[in-house]
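Residue-level structure breakdown
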Amino acid sequence: MIALHILEVKEFMNKLLLENIFDHFLLQEATILSDLTVTIDGTLTPDFYSSDELEAYGLMGLSFLPFGRLRTRCFDLIKGKRTPAGFKFIFLLSPDNLARTLTQTHSSFLPSDITAMYLNLKFSGGELQVTNGISYRIFSVDKSLEQEWDSLVKRFLKKNGVAFEEKL
């Protein structure tokens, strides 16, 4: 697990809320603190959609909604003249992206071994921090996947022009 300090918060927020770079992540939960606290549970309610809609929107088999389906709602809660007092977003890889990541990293883990691969954003006291992690269904002393996930997160941020420094 790594902790990254985002150096240009305003630019990062534009990328998060106005661009689609985080849209492919699933949103497990978001908490936004302003004049009130809003908590968004990203759990997909399959009964809300017809089976045709689930298929058309690419939601079939997902437990959480893609951030792209919730981004404008989050933007509406955060936009304004005043900076929020804080927020927290918990993202995770979709099952397809988790499997693809395991394959691309030549990991010995199977998708069934992993509960989730997380990317967490936390804004507090005017500072924005990104952390990541992996939740396993099995016990393992092998940390190679965690090291790969750390590296992938840093490459993802660099590729998308996010300035950061690693916290020790």
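Summary of the structure given here. (Residues numbered from 1 in each chain as written. Predicted model: local features only at pLDDT ≥ 70, side-chain atom pairs only at ≥ 80, totals over all residues. Heavy atoms only, no water.)

Grouped together as the largest cluster of nonpolar side chains are 52 residues, with contacts concentrated most on Phe12, Leu16, Phe22, Phe89 and Phe91. When residues of this core are assigned to their parent elements, the largest contribution, seven residues, is made by strand S5 (residues 114-124). In contact with Phe22, other than residues within four places in its own chain, are Phe12, Lys15, Leu16, Phe67, Phe91, Leu119, Phe156 and Leu157. (Core = buried A, V, L, I, M, F, W, Y, C linked by side-chain atoms within 4.5 Å. Buried < 20%, exposed > 50% of the residue type's maximum accessible area, 1.4 Å probe, protein only. Helix = DSSP H or I, 4+ residues; strand = E, 2+ residues; numbered from the N terminus. Contact = heavy atoms within 4.5 Å.)

This part is about the environment of Leu7. On the secondary structure map, Leu7 appears in the loop between strand S1 (3-6) and helix H1 (9-18). Judged by its relative accessible area of 45%, Leu7 falls in the partly exposed class.

This part covers the pattern of salt bridges. Overall, the coordinates contain five salt bridges when judged by the stated rule. The residue Arg71 makes a salt bridge to Asp23 at a minimum N-O spacing of 2.8 Å. Linking Arg71 in helix H3 (residues 71-78) with Asp23 in the loop between H1 and strand S2 (26-33), this pair joins segments that are 48 residues apart in sequence. Considered together, Arg71 and Asp23 belong to a single accessibility category, that of buried residues. For Lys79, the salt bridge identified is with Asp76, shortest N-O distance 3.4 Å. Judged by its relative accessible area of 48%, Lys79 is partly exposed. (Salt bridge = Lys/Arg side-chain N within 4 Å of Asp/Glu carboxyl O.)

The next subject is the side chain of Asn97. Positionally, Asn97 belongs in helix H4 (residues 95-104). At a separation of 2.3 Å, a polar atom in the side chain of Asn97 contacts the side chain of Arg100. (Polar contact = N/O pair within 3.5 Å; in protein donor to acceptor, adjacent residues only side chain to side chain.)

On to the packing of aromatic side chains, then. We describe a pair of aromatic rings using the distance from one ring centre to the other and the angle between the two ring planes. Summed over the entire model, instances satisfying the criterion amount to 14 aromatic pairs. Here the aromatic rings of Tyr49 and Tyr57 are separated by 5.9 Å at their centres, their planes lie at 75 degrees, and the arrangement is edge-to-face. A residue is classified by how much of its surface remains accessible, and Tyr57, at 41% relative accessible area, is partly exposed. Site record: aromatic cluster; members linked through ring pairs are Phe12, Phe22, Phe25, Phe67, Phe87, Phe89, Phe91, Phe123 and Phe156. Positioned over the ring face of Tyr57 is Arg69, at 4.3 Å from the centre of the ring. (Phe/Tyr/Trp six-rings, centres within 6.5 Å; stacked < 30°, edge-to-face > 60°. Lys NZ or Arg CZ within 6 Å of the ring centre and 35° of its normal.)

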